[in-house]
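Read off the chains here:
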Amino acid sequence: MLLIAVVFSVVVIILALGFLYHRNFSYWTRFKSVPSGPGRIFSGNFFDFITFKTNFGYHLKTIYDDEKFTTAPVVGVYGLYKPCLLIRDLDLIKSVLIKDFEYFRDRFTKLDYHHDPLGGQMMFFGDYPLWKEMRTKLTPTFTSGKLKNMYPLIQQVGENMSKFLHSQPMVFQTELRDLCARFTTDVIATTVFGFKSNSLENPSEDFHKEVRRLTYFTWHRAFDFIVVMFAPKLQRLMGCKILYPETEQFLRVAITQAIAERETANSGGEKRNDIIDIFVKLKQEAAEKGEWEIDKFMECLMAQAGIFMIGGFETSSTTMSNALLELAKQPELQSRLRDEIKEAFVEGQGVISYDAISKMNYMDMVIYETLRLYPVLPSLERRYATPPGKPAYSLKPYCDFTLPEGMPIYISPYALHYDEKFWPNPRKFDPERFSLEQKANRHPMAHLPFGNGPHNCIGTRLGMIQVKAGLSYILKDHYVRVCNRTEIEPKFEAKANVLQVKGGVFLEIVKDEK
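Here goes a summary of the coordinates provided. All values reported here derive from a predicted model rather than from experimental measurement.

1. Topic: the overall build of the protein chain
In terms of helices and strands, the protein chain carries 20 helices and 7 strands. Against the globule reference of 24 Å for 514 residues, the protein chain gives a C-alpha radius of gyration of 24 Å, in line with a compact fold. Principal axes of the C-alpha set define a box for the protein chain whose edges measure 80 × 55 × 50 Å. Expressed as a percentage of its 514 residues, the buried residues of the protein chain come to 56%. Counting contacts in the protein chain only where the partners sit at least 6 residues apart, residues at least 24 apart contribute 74% of the total. Total accessible area computed for the protein chain in this model is approximately 23100 Å², and 56% of it derives from carbon and sulfur atoms. On the protein chain, the mean spot of the 64 positive side-chain charges and the mean spot of the 60 negative ones are 4 Å from each other.

2. Details of a nonpolar patch on the surface
On the surface, a nonpolar cluster with roughly 390 Å² of combined accessible area is contributed by Phe223, Leu234, Leu237 and Met238. Note that Phe223 resides in helix H10 (residues 219-230). For Phe223, a relative accessible area of 36% translates into the label partly exposed.

3. Comments concerning the sheet that holds strand E5 (residues 408-411)
Hydrogen bonds along the backbone pair up the strands of a sheet, which may run parallel or antiparallel. Read from one edge to the other, the open sheet built from 4 strands follows the order E1-E2-E5-E4, with strand pairing classed as mixed. The sheet is open, and its two borders are formed by strand E1 (74-78) and strand E4 (380-383), each paired with just one other strand. Each adjacent strand pair in this sheet contributes to an overall mean axis angle of 30 degrees, direction not counted. Relative to E5, E4 is paired through 4 bridges, and the arrangement is antiparallel. Along E5, the bridge assignment pairs Leu380 with Ile411. Of the strands in this sheet, E1, strand E2 (83-87), E4 and E5 touch helix H5 (residues 90-99), which is tilted by about 125 degrees from E5.

4. Focus on the packing of aromatic side chains
Tallied over the full model, the rule gives 29 aromatic pairs. Here a set of aromatic residues connected by ring pairs shows up, and it is made of Tyr58, Tyr374, Tyr414, Tyr418 and Phe492. The ring centre of Phe434 lies 4.9 Å from the NZ or CZ of Arg442, which sits over that ring. A cation over a ring is seen here: Lys476 above Phe345, with NZ or CZ 5.2 Å from the ring centre.

5. Quick look at helix H8 (residues 176-191)
If you check H8, its first and last C-alpha atoms are 22 Å apart, about what 16 residues at 1.5 Å a residue would give, namely 22 Å. Summarising burial for H8: 15 of the 16 residues are buried, a large majority. N-capping of H8 is provided by Glu175, with a side-chain oxygen placed 2.9 Å from the backbone N of Arg177.

Reading the values: rules and limits
Residues numbered from 1 in each chain as written. Predicted model: local features only at pLDDT ≥ 70, side-chain atom pairs only at ≥ 80, totals over all residues. Heavy atoms only, no water. Helix = DSSP H or I, 4+ residues; strand = E, 2+ residues; numbered from the N terminus. Rg over C-alpha atoms; globule rule 2.2 N^0.38 Å. Buried < 20%, exposed > 50% of the residue type's maximum accessible area, 1.4 Å probe, protein only. Contact = heavy atoms within 4.5 Å. Areas by Shrake-Rupley, 256 points an atom, 1.4 Å probe, with all protein chains shown as cover. Lys, Arg positive; Asp, Glu negative; His and termini not counted. Charge placed at Lys NZ, Arg CZ, Asp CG, Glu CD. Patch = residues over 30% accessible without salt bridge, like charges linked within 9 Å, V, L, I, M, F, W, Y side chains within 5 Å. Salt bridge = Lys/Arg side-chain N within 4 Å of Asp/Glu carboxyl O. Pairing = 2+ DSSP bridges. Axes fitted to C-alpha atoms, helices over the stretch in contact; angles between N-to-C directions. Phe/Tyr/Trp six-rings, centres within 6.5 Å; stacked < 30°, edge-to-face > 60°. Lys NZ or Arg CZ within 6 Å of the ring centre and 35° of its normal. Expected span 1.5 Å × (residues − 1). Polar contact = N/O pair within 3.5 Å; in protein donor to acceptor, adjacent residues only side chain to side chain.

Here's what the structure looks like:
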């Protein structure tokens, strides 16, 4: 009897899975106006995903580039277990990200707050009410005036970078992503956590190790992100978290201590003009208004510090090293940028001011072109939900399809940034694409390194200043060139959910004696 019961149970499970599989992965065949890819798990690439030969963000580009979909405004695709929609048309992308934001205000990626309390409260993963409150409270942190006050902290890290480079041999070979990561670690430490780090001199420093841990994609971490991004309801069952327990504990201790010390210092009238000062102010306001329990509000602030730590480190260090790689491959472009940098330092009598660094036009062009070739986030995602009292969202006139509740919506910046319709000879590094004239003649949705609309990256301005400062202090007295370990046509790490160059960026740094 036991054997019969087991066999019966297995048969029932197989039949149930077969039914669900057929229902979910034949979904798009029922909507002829929406062209679609094959209805198999992971969009027909199950083996490639589970062996990490590719990831979903990279795979979206292969779908986008498929000749069958060249003129299609949308394409039906499949995630881990449910149908999704890839949007290709730029005007429709603008509607999703900006014009009709109220329909697409949440991300599909969700974290279980009870299982991952800090990760679940990060703005990037939080539900709309939490996101809106934190976004409103923290947006003033990144105004031009606040960043100008914060800039001397970044400037000091830049000076440390310059001293470190001058302490090295005339010519030395190094992995640039690691060097840039140590620079951004020190910037995050001083602007977000309120203390001085020295990972440029001491790469084994605890803070640097915690930051690097979050962006090093092991097999286990890659699996965690697959669950979080495509099957968030399984997060607790699988034990998947965005933050390691050690990192969570580090955040709790570091932010609690930093705020307590700053409250004491600020009582004497001292101001450091960093993000901890903002946190102290927000904590005081929360206590006065009584809208939050202070312990819970502190936890929420710790979560935002965590997303600033992850986002500020990964995007900036990756962009800096990728820019240096492309500049090493085209010395004439590097010379033009170095001329702009050196002129700014001369005008500042040996220092580069916030106003000067903000006006570096060619630097902007180089960074934006780097972010086109190497968009750190290869895909953007949203979850569709009909607002109360509103009709369901129709994709007419693009196609005859009305979105069902909860459908994941995907946009591929990685694919858009290589589309020949918008970028002639897209694999060529050409900063002139971002001259004022060319930008004016191009659809703004063709370039989405920071997203767009209300959900765009809150730290874009700080990130840009950080990258500009890092490149300026590296290139003012040095230049980079390719070496025997340089991958001229780099490949990307398939295990990473962000665009990371596989194996690192190796270049020579040469002291300029002119």
